[in-house]
Every structure is written in structure tokens, then in C-alpha cells.
Amino acid sequence: MADPPGCCSACATCLLCPYSCQWITAKKEKRKGLRTTKYDCSWFFFLFCVFLFTLVWLYFAIIILNDFHNFNEFIFRQRKLWLDWSLVLLIATAVLISYSSVLLVLALCLQLCGQPLKLHWVHKVLLVLTVLVVAAAFTGLGIKWAEEWKSARISLQATGPFLHIGTVGGMTLLAWPLASFIYRTRSTGLRVFLLLVFWAVMIALYLAPLGITSPCIMEENQLPPKPALIGHRGAPMLAPENTLMSLHKAVECDVQVFETDVMVSADGVPFLMHDEELTRTTNVQAVFPERAALNSTAFNWTDLQQLDAGSWFLERRPFPTVQSLSPGDRKEAAEQRIPSLEQVLEAAKQSNISIMFDLRPENHSDYQNFVNVTLEVILKSGIPLQQVLWLPDGFREDVKQQAPGVQHIYGRKRLENEEPGLHINLPYQDMSSEEIRQYRQDNISVNLYVVNQPWLFSVLWCSGVSSVTTNACQVLKEMKHPIWLLPSSTYFMIWIVVDCVSFLIIIWAFVLMK
């Protein structure tokens, strides 16, 4: 290498100390004749790759927060341990990305100052461990939670234009240390190789918008109506799920449909409960410890009425919003009991809100009787049948005959030549923007679940979805507009300006560094 351009001794020492884990002053470094070898360059390249790897994982970690409550529930059912694992995920990810980022910044500063890139062996070991941890996280995601790969693809419709701008900006800044290295290295082959790779990447980035699509790239007058909100088990961020308080909080959020889950007690009373066991959302372990592991349907209604269905919400804090509840809401939450379907239908009738429910468990030997008992309660309640949205597939034809006014919701895509006016209910990962648009044109109502994050709601809004099921009705209620909406002409102008500015800065960096 040629002689370095120079850097103040104190700065060089401060940079060398954390990177090389050695207190070597610039003068000592010069006397020892330390220099960056090909081996050191390979470790710098490895460091850069580790940084990109952890950055991609950070992106995934942020995206899967929309569905992380499902993961918390899964862990509880398996281990009977409640913890907000999203905090663990974010803290661990922040540590990994911060560590690799600091090392990368130190390396780039050392390169600009002409100092040797002697990465200490401790950092090398930690970088390898970082790769193994992130690789294990991706592997676990692919095995146990494969649908999140679809979520990541959907997220690119919301973040694609901004990821493009950010990546172009990052690579543009990288031109400065790259130019410094190229002008100081004696290897012509290495210079040519680095320049070819760098400009190949930049050209690919400059042309990347040709492959970026988003339903939110449209004119303002083309924006579909805001999707209706369906409260997932009510308003579970503001009240214990599947309780009367949760229904009332959902009504306050302007939710149009209360989505819930119905089971039938041993003595034939339909009641609200999602899990097959009562342990997560009641104090059954304290009241009936010897029967806590039994199926919810094994309890009679008298037993169920003895259970506390609200205190767990205050103790375990399933969502961060629990901390901000008023004293009055805390008192009301602590007093919640398991509601019967009859009570919920009466509350829904008074609030003029529809109710959509699953009837569980569908593999129960007495399921047909569950259907009949549930229908009997619905018909006796006096609620307008058009306010009842029926999800279960079992014995659907019997339901149509006994209660012809009930609206039927199907958990599948439409069949070939199916009549218009269909109502479908699917996970948001199972419908593309193109399918949503086509269904909307064909007068097919599409509800997607579970949508909690504003970025996801914005994408589905722009796509034209009819409604979404959400835990965060209080957040989505306040959204008057998608997070962003760009006419195609405006986006094209931004694309051209960003690419041109980046190109000029890179040329300036190479000229200035020479």
C-alpha cells in the first residue's frame, strides 16, 4: 500500500483500541510496520456480510411484530409460561446489529485514516457466533413460522421504495472508504475487481424500481374506501379478550363486527372462549387445580361462572397498552367473568354491532349438538340474523335451513363459477393485492386477519380489501389515510433524482479522494 493520507495520532489510537483490542499509538503502529493484509481484508469483508445479515434479520424482526402475539400464545400453550417474547427478540436483535454496526464504522474510519485493519480474535469469534445465532433464528422461522416469509414479501410493498432510497444512500456513502482503499492499494487486479463489483451493485440499485410494485403507488382519487374494522376477540389491547368489556371497548373503537370464539359447556350453555383449556385467560388453576388441564367444554356453566376472566390481563400484560389503562378500566377488567353467548348477543343487539364467531372444537364428537344449541340461543336472542356472521364449516347446510337470515363467511377462496356476493375470511398472507382487486371488482367481500400494524393496514387499504380483523382497533381507527400514497409520476421523479444525486456524489468522492 502507499503511505496513508494521515490522521491525528489520538484519533488513530482511539480507533485502533476497540477494533484491535490493543492500545497501540499511531507512532508505535508505524514502527512495528503493521499493515492491512489480504487476510485482514477477508475479515473486513466477513464483517460487512455479518452486518448485512443482521440488518436483514432486524427487518424481519420488525415485520413479524404484527403476528408476535400468536407466538406468545403458542409458547404459553407449550410451556405454561407467559412472557412478551417480542421484547426478547428486539433486545437481542438490537445488541447484534449494534455490535456489528460499531465494528463496521470503526473499520471504515480506520480505512479512511490509513490505519491497519487488525481485527482482534475476540471480535472474530463473536462475529462467527453472531452469524450462527441469526442463521438459527432464520432456520427456526422457516420451520415453525413459515407463513412469515409471505409477510416479508407483503411488507416490501410498503417499504420497497424507501428501502431502495436507503440502500442507494448507504452504498453512496460506502464510495468514500472504497475510493480511499482503491487509490492506496498497489494491486491493479484488486482495483478493477472492486470497481466492477461496486458499479455492478450500483447499476442494479439504480434500476431496482423497475421491479418494485406497490398498491400504494396510485393517484389519490383511485384510493378505495377505508376497510371496516373487525375486533379480534373484541379489543384485546384495551380489555381482556372475549369479555363484555372487550366488546364495549370495540364498540368505542367504531368496530363494525365483534369476532369471537364459542364453546359449549358440559350442560349445554354456549360461552365465549378461544383456547381449548382455560389456563391462559382464567384463574382455573386456583379454583379447580385438579381439573385445570381439562377441555373447556368439560366444565358446566355453574363452574365457569366462578372463574375470574380478567385479572390475568392485568398480571401478564399481553400487550404494552395494558400499562396505560385508567384506574376505572383496571377495576372493570379485574371484575370480568366468562360471558355466555346469550349475554354477548344481547350486548351486540343493544350496541348495533355484528358478531362473527367460530364454534370450537370442530373435532368434538358432539359437535352437531353444539351447532343446534348455538342456533337455538341465536334464534331466541332476538338479534337480527343479518348481524350474525357464521364461520364454522361443519353442518353449514343445516344452519342455512334453520336460520336462513344468518350471513355465512367462508374460510377459503372462491370456487370456479361461484356466484357473486360471497364473503370470505382468510389470513392476510393468503391473498395478493391482485386477487383482492379482482375480488372487489367481482363483488366478493374479503376480510383478512390479523392486521395490527399501520404499514400492513395501509397496503391492504390501497389494495381494496373490504375489512380487516385486528387486535389494535384503537390504532387503526385513528388512521384517516394510508401511511403513504404516491402518484406514479411523483415516484418516478423521486427515483430519477435519487439516482442522479447518488451518481454525482460517488464521482465526487472518487475525484476528491484522489
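Here the residue index of a chain counts from 1 through its sequence in written order. In keeping with the model being predicted, local features are shown solely for residues with a pLDDT of at least 70 and side-chain atom pairs are shown and tallied solely at 80 or more, while totals for entire chains, interfaces and linings include all residues. The basis for the side-chain values is all heavy atoms of the structure; hydrogens and waters are excluded.

Within an unreviewed UniProt entry, the label attached to the protein chain reads GDPD2 inositolphosphodiesterase, and the organism entered is Acrocephalus arundinaceus. UniProt positions are given in the numbering used here, feature names are shortened, and annotations may be inferred rather than shown by experiment. Taken verbatim from the UniProt record of the protein chain, the Subcellular location (unreviewed entry) comment is "Membrane". Checking UniProt for the protein chain, the heading Sequence similarities (unreviewed entry) contains the comment "Belongs to the glycerophosphoryl diester phosphodiesterase family."

A. Inspection of helix α15 (residues 367-381) at higher detail. The helix count covers DSSP runs of H or I at least four residues long, the strand count covers runs of E at least two residues long, and both are numbered beginning at the N terminus. Helices are assigned an expected span. That span is 1.5 Å times one less than the residue count. For α15, spanning 15 residues, the distance from its first C-alpha to its last is 21 Å, which sits close to the expected 21 Å at 1.5 Å a residue. Here's how the labels work: a residue is buried when its accessible area is under 20% of the maximum for its type, exposed when over 50%, partly exposed in between, all with a 1.4 Å probe on protein chains only. Listed in full, the buried residues belonging to α15 are Y367, F370, V371, V373, T374, L375, V377, I378 and S381. As for α15, its buried residues are in contact with β2 (257-264), β3 (270-272), α14 (341-351), β4 (354-359), β5 (388-390) and α16 (396-402). Remark: G382 follows α15 within two positions and exhibits a positive phi of approximately 85°. The criterion used for residue contact is that any of the two residues' heavy atoms lie within 4.5 Å.

B. Spatial organisation of unusual backbone geometry. Looking along the chain, the bond that leaves R360 and enters P361 is cis, with omega of -15°. Summarising the element assignment, P361 is placed in the loop between β4 and α15. Residue V450 is bonded to the preceding Y449 through a cis peptide linkage, with omega at -20°. Note that V450 resides in the loop between β8 (445-449) and α18 (454-463). With phi around 55°, K80 is a residue other than glycine that occupies positive phi space. Among the structural elements, K80 can be located in the loop between α4 (68-79) and α5 (85-112). Take K80: its relative accessible area is 40%, and that puts it in the partly exposed class. One non-glycine residue with positive phi stands out, namely D254, at about 65°. Along the chain, the position of D254 falls in the loop between α9 (244-252) and β2.

C. Here's a closer look at the packing of aromatic side chains. Between 30 and 60 degrees the pair is tilted, below 30 it is stacked and above 60 it is edge-to-face, where a pair is any two Phe, Tyr or Trp rings, Trp via its six-membered ring, whose centres lie within 6.5 Å. Per the counting criterion, the structure on display carries 22 aromatic pairs. An aromatic cluster is defined as three or more aromatic residues linked by ring pairs; in this entry it consists of F53, W57, F60, F138 and W149. To sit over a ring, a charge needs its Lys NZ or Arg CZ within 6 Å of the ring centre and within 35 degrees of the ring normal. Here R280 stacks its cationic end above the ring of W312, 5.9 Å away from the centre of that ring.

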